[in-house]
Amino acid sequence: MTDITLPLNHEDIKKILPHRYPLLLVDRITELEIGKYVKGYKNVTGNEDVFNGHFPRFAVFPGVMICEALAQVAGVLGYLTSGHKSEDGYLVLFAGLDNVRFKRQVIPGDRMDMEAKLIASKRGIHKVDAQAYVDGELACSAELMFAERKVVTE
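Sequence order as written defines the numbering, with residues in each chain counted from 1. pLDDT decides what is reported in this predicted model: residues at 70 or higher carry local features, side-chain atom pairs at 80 or more are listed and counted, and totals for whole chains, interfaces and linings draw on all residues regardless. Processing note: side-chain calculations cover all non-hydrogen atoms of the structure and skip hydrogens and water entirely.

### Observations regarding the overall build of the protein chain
Along the backbone of the protein chain there are two helices and six strands. Mapped in sequence order, the helices and strands of the protein chain form the string α-β-β-α-β-β-β-β. Computed over its C-alpha atoms, the radius of gyration of the protein chain comes to 15 Å, within 12% of the 15 Å expected for a compact globule of 154 residues. Based on the C-alpha atoms only, the size of the protein chain along its principal axes is roughly 45 × 30 × 30 Å. Buried residues are those whose accessible area, probed at 1.4 Å on protein chains only, stays under 20% of the maximum for their type, while exposed residues exceed 50% and partly exposed ones sit between those limits. Relative to its 154 residues, the protein chain shows a buried fraction of 38%. Methods summary: accessible areas were calculated by the Shrake-Rupley approach with a probe of 1.4 Å, and residue burial reflects only the protein chains presented. Accessible surface computed for the protein chain: about 8500 Å², of which carbon and sulfur atoms make up 50%. When charges are counted, Lys and Arg contribute as positive and Asp and Glu as negative, whereas His and the chain ends are disregarded. One atom stands in for each charge, and that atom is NZ of Lys, CZ of Arg, CG of Asp or CD of Glu. Here the protein chain contributes 19 positive and 21 negative side-chain charges, whose respective centroids are spaced 3 Å apart. Think of it this way: any DSSP run of H or I at least four residues long counts as a helix, any run of E at least two long counts as a strand, and we number them from the N terminus. Between the two quantities, the radius of gyration covers C-alpha atoms and the globule rule is 2.2 Å times the number of residues to the power 0.38.

Right, here's the structure in full:
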């Protein structure tokens, strides 16, 4: 995508990220400055497959899924900053999670607002400071590292 018109909707995001249902966890990108930061959100609904088992009597969006959603928002920033595309065989893969803290539960009906700021980038390794909020209240904060790699397929 050379021309970026915000907000990026679900179909726009699918042109950037390789993720698909049920693991595409970003509904919209609302703000973006290439090489600096990104903001977006996910609407958490009771229809998410994960709630069949986490937990049937008290649905809580798993922390690992919150971290994955944050990584996907950061992945949009990473792909657009590097200019590489998933359709050209590039993947943005987790390289690390540091200082992860969960401050509140995320449950069906919540809109999880997410942001990621690029801290460092060197030789395809990117580090971001990321947060997820619900109703302006911090739900999760983390430092994420990810590696952008060309995947060889034959």
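### A few points about the side chain of lysine 42
Its location among the elements puts lysine 42 in strand β2 (residues 37-43). Residue classification places lysine 42 among the buried residues on the basis of a relative accessible area of 4%. Any N or O atom pair separated by 3.5 Å or less is treated as a polar contact, with the protein-specific requirement of one donor-capable and one acceptor-capable atom, and with residues adjacent in sequence counted only for side-chain atom pairs. Within the structure, lysine 42 has its side chain in polar contact with the side chain of glutamate 48 (distance 3.0 Å). Pairs of residues are marked as contacts when any of their non-hydrogen atoms sit within 4.5 Å. In this view, lysine 42 contacts Leu25, Asp27, Glu48, Phe61, Asp110, Arg111, Met112 and Met114; residues no more than four positions away in its chain are not counted.

### Brief notes about the packing of aromatic side chains
The pairing test for Phe, Tyr and Trp rings, Trp by its six-membered ring, is centres within 6.5 Å, and the orientation test on the planes gives stacked under 30 degrees, edge-to-face over 60, and tilted for anything in between. Using the criterion set out here, one finds one aromatic pair in the structure. Residue placement shows arginine 111 over the ring face of tyrosine 41; its charged tip is 3.8 Å from the ring centre. Sitting over a ring, as applied to charges here, requires NZ of Lys or CZ of Arg to be within 6 Å of the ring centre and within 35 degrees of the ring normal.

### What about the environment of tyrosine 41?
Of note, tyrosine 41 is situated in strand β2. Taking relative accessible area as the criterion, tyrosine 41 reaches 13% and is therefore assigned buried.

### Side note on the sheet that holds strand β3 (residues 90-102)
Here six strands make up an open sheet; going across it, the order is β1-β2-β4-β5-β6-β3 and the pairing antiparallel. A single partner strand is all that each edge strand has here, and the edge strands are β1 (28-33) and β3. Averaged over all pairs of adjacent strands, the angle between strand axes in this sheet comes to 20°, irrespective of strand direction. Alignment of strand β5 (residues 125-134) against strand β6 (residues 137-150), held across ten bridges, turns out to be antiparallel. Pairing of histidine 126 across the sheet is with phenylalanine 146, part of β6. For two strands to pair, DSSP has to find at least two bridges joining them. Axis definition: a line fit to C-alpha positions, over the contact stretch in the case of helices; interaxial angles, taken between N-to-C directions, run 0 to 180 degrees.

### Observations concerning the pattern of salt bridges
Where side chains of opposite charge bring their charged atoms close, a pairing between them can arise. Salt bridges are defined by distance alone: a side-chain nitrogen of Lys or Arg within 4 Å of a carboxyl oxygen of Asp or Glu. Applying the stated criterion across every chain, the model contains nine salt bridges. Note that lysine 14 is salt-bridged to glutamate 11, the shortest N-O span being 3.4 Å. Here lysine 14 and its partner glutamate 11 are both found in helix α1 (residues 10-16), three residues apart, which amounts to about one turn of the helix. The partner of glutamate 137 in a salt bridge is arginine 104, and the shortest N-O contact between them spans 3.5 Å. Placement of the pair is glutamate 137 in strand β6 and arginine 104 in the loop between β3 and β4 (111-122), with a sequence separation of 33 residues. Here arginine 104 falls in the partly exposed class, since its relative accessible area comes to 25%.

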